[in-house]
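Structure at a glance
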Amino acid sequence: MFEDKFSIRTKTMKRSAIRELLKLVLNPEIISFAGGMPDPSLFPIKLLGDAVKSVLEREGKRAVQYGPTEGHQGLKEELIKRLETRRNIKINENEILITTASQQGLDLVSKIFIDPEDIVIVGLPTYLGGLGAFHSYRARFIGIPLDDNGMRVDLVEEKLRVLRRGQHRVKFIYVIPDFQNPAGVTLSIERRKKIIALAEKYNILILEDTPYRELRYRGESIPSLFALAPRDRVVSLYTFSKVLFPGLRLGYILGDKEIINQLVIAKQSTDLCTPPFTQAILCEILKRDVIDEHIKKLVVRYRDKRECMLNSLDKYMPELPDLSWTKPDGGLFLWVTLPNYMNTEKLFSKALEKKVAYVAGSYFYYNDSGKNTLRLNFSYPTLKLIIKGIQRLGGLIKEEAE
Ligand SMILES: Cc1ncc(COP(=O)(O)O)c(C=O)c1O
């Protein structure tokens with residue numbers, strides 16, 4: 001009915017398959033490995049209540065007033081301090097913008113950089129919400145396969161050379177370096193350095209997205225691309241969704257001051273400012289200096305869940321030559337590859353009959369591939385449900401193979 005009214009941009013947009021699918025798995029009988037949700041039993045609700053009370057008592061009237069687009073002054077100062085003391089990243093006030101979590105970061109970055117037909121280089125597979133944001137500004141994608149050390153950076157240069165020859169505009173490389181969503185793999189330090197060198201050589205930007213960075217269960221942390229690269233090369237997205245509350249919708253962007261200034265202008269027409277009230281609450285929580293302890297608790301619990309899922313997969317998956325899964329060092333997901341003849345989109349309704357859910361891997365590809373892959377989340381279900389759910393999934397795959 002409104003076909004002649006919707007913009008060309010709007011007509012190409014699709015609902016997120018995952019957000020639609022999450023509605024299906026609300027049935028409490030279904031064990032869901034589908035979402036990317038934190039374990040709600042670990043939400044520090046009392047801390048939140050205390051922080052809300054303090055904010056209302058101390059600065060209630062200011063906190064519910066409009067605020068600056070750049071973000072709450074106190075929160076920015078806390079974040080700058082924490083970046084310096086904990087991550088050894090020194091930034092100025094004009095190199096940070098508070099956002100309504102990292103999904104808004106993806107949208108704003110797309111808004112200021114992508115013209116129709118511009119190219120974004122992405123992982124194969126990559127985060128669906130990233131693809132959605134870039135696609136809504138009519139980007140075109142070039143995909144680079146992943147292996148256990150993240151994006152195959154050795155394949156990037158050849159692509160860049162060809163694209164340059166064809167005079168295509170490559171705007172940025174989208175990288176989720178730590179415990180990638182969906183594959184769970186981590187970009188090695190060598191590849192981080194190599195990708196920065198390539199971005200310098202071909203004069204393109206890197207968009208780094210790091211929601212899982214602090215959720216490491218094994219091994220040593222690897223410096224972020226933002227920390228490794230010259231300041232004008234990387235735009236980096238951060239969020240409190242996975243380490244505190246996704247419902248607060250808070251995150252931030254780091255980047256060159258000229259980019260941040262343009263993002264501020266773009267954000268003004270999006271939402272004027274991220275709610276000052278939630279920013280003041282987060283500021284209060286950070287000032288109490290308890291978040292590191294909280295993250296340690298998350299790490300302990302999620303490490304157990306990861307272990308439990310890997311053990312259950314070992315135990316319940318059938319022995320098939322082409323069946324494998326990643327063993328992530330952190331984050332919330334692992335990635336299963338099934339024999340080529342299986343199709344996880346088609347298998348999904350049978351999985352629901354068995355009361356277990358996953359996300360079919362093809363949703364994380366822009367090019368309709370990955371039909372024999374699937375993503376499993378291990379942060380949300382309890383240990384007991386992880387065991388039971390993997391038993392059901394293993395049974396299903398065994399039946400399918402037979
Ligand atoms: C890689 C990646 N980026 C961004 C987001 C968006 O998260 P939020 O907007 O809650 O920060 C997610 C959520 O799962 C994600 O996995």
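Bear in mind the structure is a predicted one, so any value in this text is a computation, not a measurement.

Here we come to the overall build of the protein chain. From N to C terminus, the protein chain includes 14 helices and 14 strands. Over its C-alpha atoms the protein chain spans a radius of gyration of 21 Å, differing by no more than 12% from the 21 Å that the globule rule assigns to 402 residues. Here the protein chain, with 402 residues, has 55% of them falling under the buried criterion. Taking the intrachain contacts of the protein chain between residues at least 6 apart in sequence as the baseline, contacts between residues at least 24 apart amount to 75%. Here the protein chain displays about 18,700 Å² of accessible surface, and carbon together with sulfur accounts for 52% of that area.

Turning to the domain arrangement of the protein chain, a few remarks are in order. In terms of domain boundaries, the protein chain breaks down into domain 1 (8–44 + 293–401) and domain 2 (66–287). Each side of the interface is counted separately: domain 1 has 34 residues, and domain 2 has 33 residues. With both chains or domains summed, domain 1 and domain 2 bury close to 3,000 Å², and 66% of this area falls on carbon and sulfur atoms. For the domain 1 face of the interface with domain 2, the top three residues by lost area are Asp329, Phe364 and Tyr366, together amounting to 23%. Counting across the interface, domain 1 meets domain 2 through one salt bridge. Residue Asp329 pairs with Arg218 through a salt bridge whose shortest N-O separation is 2.7 Å. Run the count over domain 1 and domain 2 and you get twelve residue pairs in polar contact (both at pLDDT 80 or more). Counting residues per element, the ones that place at least two in the side of domain 1 that touches domain 2 are helix 1 (8–11), helix 2 (17–24), helix 12 (291–316) and strand 11 (333–337). In terms of residues, the side of domain 1 that touches domain 2 owes the most to one element, helix 12, which gives seven residues. Split into classes, the residues belonging to the side of domain 1 that touches domain 2 amount to 21 nonpolar, eight polar and five charged.

Turning next to the nonpolar core. Of all hydrophobic cores here, the largest spans 106 residues; its most connected members are Ile121, Ile195, Phe240, Tyr252, Met309, Tyr358 and Leu376. Among the elements that take part in this core, helix 12 stands out by supplying nine residues, more than any other. The residues that make up this core include at least three from each of domain 1 (8–44 + 293–401) and domain 2 (66–287). Non-local contacts of Tyr252, meaning those with residues more than four positions away in its chain, are made with Leu79, Leu83, Ile96, Leu97, Ile98, Thr99, Ser236, Leu237, Tyr238 and Phe240. Core analysis: the next-biggest nonpolar cluster, separate from the first, contains 27 residues, Leu108, Tyr137, Phe172 and Ala266 among them.

Quick notes on the rules
Residues numbered from 1 in each chain as written. Predicted model: local features only at pLDDT ≥ 70, side-chain atom pairs only at ≥ 80, totals over all residues. Heavy atoms only, no water. Helix = DSSP H or I, 4+ residues; strand = E, 2+ residues; numbered from the N terminus. Rg over C-alpha atoms; globule rule 2.2 N^0.38 Å. Buried < 20%, exposed > 50% of the residue type's maximum accessible area, 1.4 Å probe, protein only. Contact = heavy atoms within 4.5 Å. Areas by Shrake-Rupley, 256 points an atom, 1.4 Å probe, with all protein chains shown as cover. Domains from an automatic or database assignment. Buried area = accessible area lost by both parts, 1.4 Å probe. Salt bridge = Lys/Arg side-chain N within 4 Å of Asp/Glu carboxyl O. Polar contact = N/O pair within 3.5 Å; in protein donor to acceptor, adjacent residues only side chain to side chain. Nonpolar A, V, L, I, M, F, W, Y, C, P; charged D, E, K, R; others polar. Core = buried A, V, L, I, M, F, W, Y, C linked by side-chain atoms within 4.5 Å.

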